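A closer look at the structure
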Amino acid sequence: MVQLTATPLSALVDEPVHIRATGLTPLQLVVFHASLEDEVGNLFYSLAFYRANEVGEIDLDHAAALGGDYKGVHPMGLFWSLKPEKPVTRLLKRDVMNSPFRVQIKLYDRHLPIEAKTSEAPKASVTLERWYVAPGVTRIPVREGRLRGTLFVPSGEGRFPGVIDMFGASGGLLEFRASLLASRGFASLALAHCGFEDLPPQPEKVDLEYFEEAANFLLKHPKVLGPGIGVVSVCRGAEIGLSMAIHLKQVTATVLINGPNFIFSIPHVYRGQIFKPRPHSIQSISINALGFVEFYHIFDEGGPENSQFCLPIEKAQGPFLFIVGEDDRNVNGKVFAKQATEQLKRHGKNNWTLLSYPGAGHMIEPPYSPLCCVSGIASVCSAIHWGGEVVPHAAAQEHSWKEIQKFLRKHLMPVVASQI
């Protein structure tokens, strides 16, 4: 009898799964089909062709996919190659506490139509739960003064390194990365900065004192270790994260994912000082053959007259981890990170690490997340091309997630001297 097993059946989304099929005919060609529905009913699916070995088994840890959404040995390929049935749809987990994503994996004969759905009965199937929060993590809504966010505190005794987690211009409050960071031992504040509750969708300025309030709030929490905090940020959030690292003494470790080394479009303000955005060439926006908008080239004119707009990164006291997707079609992060690191070098600083991933796009998220190569932002446009190739992007997500955690632990947790 054909059997399909997956271990573990319930796990965090950043944990790998061991998938195995047995009871097949020797050298039989089959199709593995994965699918999930998000919280609003959007369907995502993937498939890959495999051939059984001489004893009628397929172990995805060792077997190579022959075709489909990927080729080669990729144990988690069915997860990170999930694609939306409706184009221009991003897979997002909103309710991280009360429900997982449920991924159905089905095994079919080779004649399965290459579609999202089929009426054919599978030979075997299994359903997995993929959670964004570990048991025991506490979720605390934050509505203190101007602050709008959610604090996730790990389970267990003692205090934990504190991290502020921020996303970009899409606005709102995204919690999935902060909840995963808390599941890995960090007290994580998912911080909204626009388009959430009473925060304006398109603010006229970035008030750095708001983010200073957030840093102080985090450091005052009895479960937060201190004396400094980390920032994990992407795109517009990384623009703000860089400013925070420069101006706020509380920030002692900063992760910048596909961000600029200057201010994009609206000024930053801190204690009466105004920091102006860099001019850009709106006419350099391009639209590809599928109608997807690319902002990649609007800051290409980088002559000496624009060097004055580079943020003074050398003034930051803490170290930086730059994460760059070289196939990003939204932000030229590779160039901007190079400029930032060269600026640090000129000032005699080597407090940075650069991870640059060929084939990775803009949306570098936790491991095994599907590549989002295009989605819309209501305040910008309906179809922004984020770039990325499925296989190298998946590898970048898996590697960078481990490096983010190592970086934060190294710089936010004190070294305890050995007892003699």
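Now for a quick tour of the structure.

Calculation criteria
- Residues numbered from 1 in each chain as written.
- Predicted model: local features only at pLDDT ≥ 70, side-chain atom pairs only at ≥ 80, totals over all residues.
- Heavy atoms only, no water.
- Disulfide = S-S within 2.5 Å.
- Buried < 20%, exposed > 50% of the residue type's maximum accessible area, 1.4 Å probe, protein only.
- Pairing = 2+ DSSP bridges.
- Helix = DSSP H or I, 4+ residues; strand = E, 2+ residues; numbered from the N terminus.
- Axes fitted to C-alpha atoms, helices over the stretch in contact; angles between N-to-C directions.
- Core = buried A, V, L, I, M, F, W, Y, C linked by side-chain atoms within 4.5 Å.
- Contact = heavy atoms within 4.5 Å.
- Salt bridge = Lys/Arg side-chain N within 4 Å of Asp/Glu carboxyl O.

1. Structural notes on the state of the cysteines
- All chains considered together, the criterion is met by zero disulfides.
- Unpaired in this structure, Cys194 has its nearest cysteine sulfur neighbour in Cys235, at a distance of 11 Å.
- We classify Cys235 as buried; its relative accessible area is 12%.

2. Things to note about the sheet that holds strand β11 (residues 138–142)
- Spatially, eight strands are ordered β11-β12-β14-β13-β16-β17-β22-β23 in an open sheet, and the strand pairing comes out mixed. With one partner strand each, in any of the chains shown, β11 and β23 (352–357) form the two edges of the open sheet. Adjacent strand axes in the sheet meet at a mean angle of 15°, parallel and antiparallel pairs treated alike.
- In this structure, strand β16 (residues 229–234) lies alongside strand β17 (residues 251–257), joined through six bridges in parallel fashion.

3. Some thoughts on the nonpolar core
- If you look at the biggest cluster of nonpolar residues, it comprises 132 residues, and the most contacted ones within it are Phe32, Ile105 and Ile164.
- Apart from residues lying up to four places away in sequence, Ile105 is in contact with Leu4, Ile19, Phe32, His33, Ala34, Leu78, Phe79, Ala124, Ser125, Val126 and Leu128.

4. Brief notes about the pattern of salt bridges
- Following the criterion strictly, the structure yields 20 salt bridges and no others.
- Among the ionic pairs, Asp14 bridges to Arg184, the shortest N-O distance being 2.7 Å. Within this pair, whereas Asp14 is found in the loop between β2 (10–12) and β3 (18–22), its partner Arg184 is found in the loop between α2 (176–183) and β14 (187–191), the two being separated by 170 residues in sequence.
- Taking relative accessible area as the criterion, Arg184 reaches 25% and is therefore assigned partly exposed.
- Put simply, Lys334 and Glu326 hold a salt bridge, and the shortest N to O gap is 3.6 Å.
- On the basis of relative accessibility, which here comes to 29%, the residue Glu326 falls in the partly exposed class.
- Members of the salt-bridge network, linked through shared partners, are Arg143, Arg148, Glu197 and Asp198.

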